[in-house]
Amino acid sequence: GYSRPMHRLFVAIRPPAPVRSALLSLAGGVEGARWQDDEQLHLTLRFIGDVDRHRANDIADLLGGIRFTPFDVRIEGVGSFDRRGVVDTLWAGVQPREALAQLHRKVDRACARAGLPPEGRAYLPHVTLARFGRGGALVDAFLAVHAGLAGPSFRVDGFTLFESRLGHDGARYEAVADYRADG
Ligand code: 3AM
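Predicted, not measured: the structure shown is a model, and the values here were computed from it. (Residues numbered from 1 in each chain as written. Predicted model: local features only at pLDDT ≥ 70, side-chain atom pairs only at ≥ 80, totals over all residues.)

Asks: Account for the overall build of the protein chain, with residues named and values stated.
Replies: When its secondary structure is counted, the protein chain shows four helices and nine strands. Element order for the protein chain, N to C, with α for helix and β for strand: β-α-β-β-α-β-β-α-β-α-β-β-β. Here the C-alpha atoms of the protein chain give a radius of gyration of 17 Å, agreeing with the 16 Å that 2.2 N^0.38 yields for 183 residues. In the protein chain, which comprises 183 residues, the share counted as buried stands at 30%. Considering only contacts within the protein chain whose residues lie at least 6 apart along the sequence, 79% involve residues at least 24 apart. (Helix = DSSP H or I, 4+ residues; strand = E, 2+ residues; numbered from the N terminus. Rg over C-alpha atoms; globule rule 2.2 N^0.38 Å. Buried ≥ 20, exposed ≤ 12 C-beta atoms within 10 Å, placed from the backbone. Contact = placed C-beta atoms within 7 Å.)

And the structure:
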């Protein structure tokens, strides 16, 4: 039959290398965690999910129409997401949130123009540090130890459309297109 390959996409910011190093140095002290490697670290602006090539091209074009002024953010604090009461994700927070939320809304509107349904869930800027297959132990200790995390700051002067491909050891992320801020 006729195959129509789907692309699993998301839009994210890649923190610069010194910030990624600082985040990688947090790994450890938690049982059952699969720590993200350098290539996997990102700050998601919008998860898109599976789209066909036609829609992927539309999204890529519409993202190119986004205008924003560069802004600075910093890594601050840690947190976790639960799924059915079991810890699923460990992350580092990013502050201040307002400029990121604004950029998120612009990306969301571009996605809406491409025909995607609104995302629904509230946007909480974060960089995932680790994922858990079946929950983790010592997560509360990690959260307590790093509660006061004050990581390096960095300038957000662009964002990237990524394709997520499932590999042998988790998802691999491939940059599809880069978008620069104004000025
Ligand atoms: O930036 P993080 O690591 O929090 O968890 C996935 C990852 O988020 C998330 O999209 C990012 C790139 O894969 N993701 C995966 N499936 C998702 C879904 N169905 C999802 N986010 C929302 N809904």
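Asks: Summarise the site of the ligand; cite the residues concerned and give the values.
Replies: The local shell around the ligand consists of Phe10, Thr44, Phe47, Gly49, Thr128, Ser164 and Ala171. If you tally residues by element for the shell around the ligand, the top one is strand E3 (residues 43-52), at three residues. Counted by class, the shell around the ligand contains three nonpolar, four polar and no charged residues. (Near = placed C-beta within 6 Å. Nonpolar A, V, L, I, M, F, W, Y, C, P; charged D, E, K, R; others polar.)

Asks: Please give an account of the environment of arginine 155 that cites residues and values.
Replies: For arginine 155, the position within the fold is in strand E7 (residues 150-156). Taking the number of C-beta atoms within 10 Å as the measure of exposure, arginine 155 has 11 and is therefore exposed. Expressed as a C-alpha distance, the spacing of arginine 155 and valine 51, which sit 104 residues apart in the sequence, is 30 Å.

Asks: Tell me about the nonpolar core, and name the residues and values.
Replies: Counting residues in each nonpolar core, the largest one holds 41 residues, and the members touching the most others are Val11, Leu23, Leu90, Val127 and Leu129. Beyond its immediate chain neighbours, meaning those up to four positions away, leucine 23 contacts Leu41, Ile75, Ala92, Val127, Leu129 and Gly151. (Core = buried A, V, L, I, M, F, W, Y, C linked by C-beta atoms within 7 Å.)

Asks: Quick rundown of the packing of helix H2 (residues 53-63) against helix H3 (residues 98-113)? Include the residues and the values.
Replies: Taken N-terminus to C-terminus, the directions of H2 and H3 make an angle of 140°; their axes are 9 Å apart at the nearest point. Considering the angle they form, H2 stands oblique to H3. Here H2 and H3 pass one another in a crossing that is right-handed. Along the contact surface, H2 presents Ile59, Leu62 and Leu63, while H3 presents Val107, Ala110, Cys111 and Arg113. (Axes fitted to C-alpha atoms, helices over the stretch in contact; angles between N-to-C directions. Parallel < 35°, antiparallel > 145°, perpendicular 65-115°, else oblique. Left-handed = near helix turned anticlockwise from the far one by under 90°.)

Asks: Explain the pairing of strand E9 (residues 170-180) to me, and be specific about the residues and the numbers.
Replies: Relative to E9, strand E8 (residues 158-167) runs antiparallel, the two being bridged by 10 bridges. Bridge pairing links glutamate 163 to glutamate 174 in E9. (Pairing = 2+ DSSP bridges.)

Asks: Give a detailed account of the pairing of E8, specifying residues and quantitative values.
Replies: As a general feature of sheets, a regular strand has side chains that alternate between the two faces. Bridging between strand E1 (residues 6-13) and E8 involves four bridges; their strand directions are antiparallel. Opposite phenylalanine 10, over in E8, you have phenylalanine 162 as the bridge partner. Linking two consecutive strands that pair antiparallel, namely E8 and E9, is a turn of two residues.

Asks: If you had to explain helix H1 (residues 17-24) to someone new, which residues and values would you point to?
Replies: The complete set of buried residues in H1 reads Val19, Arg20 and Leu23. Across the axial projection of H1, the buried residues extend over an arc of 100°, all falling on one side. Residues of H1 that are exposed and point over 90 degrees away from its buried face: Ala17 and Pro18. On the buried face of H1, the contacting elements are strand E4 (71-83), strand E5 (86-95), strand E6 (126-137) and E7. (Arc of directions from axis to C-beta.)

Asks: Give me the environment of proline 18: which residues, what numbers.
Replies: Secondary-structure assignment places proline 18 in helix H1. Through-space distance from the C-alpha of proline 18 to that of serine 153 is 9.6 Å; in sequence the pair is 135 residues apart.

Asks: How would you explain unusual backbone geometry if you had to name every residue and give the values?
Replies: Residue proline 96 follows glutamine 95 across a cis peptide bond; omega there is -10°. As for its position among the elements, proline 96 is in the loop between E5 and H3. Of note, arginine 84 is a non-glycine position whose phi angle comes to about 50°, a positive value. Of note, arginine 84 is situated in the loop between E4 and E5. The phi angle at leucine 138 is positive, at roughly 70°, despite the residue not being glycine. With respect to the helices and strands, leucine 138 occurs in the loop between E6 and helix H4 (139-145).

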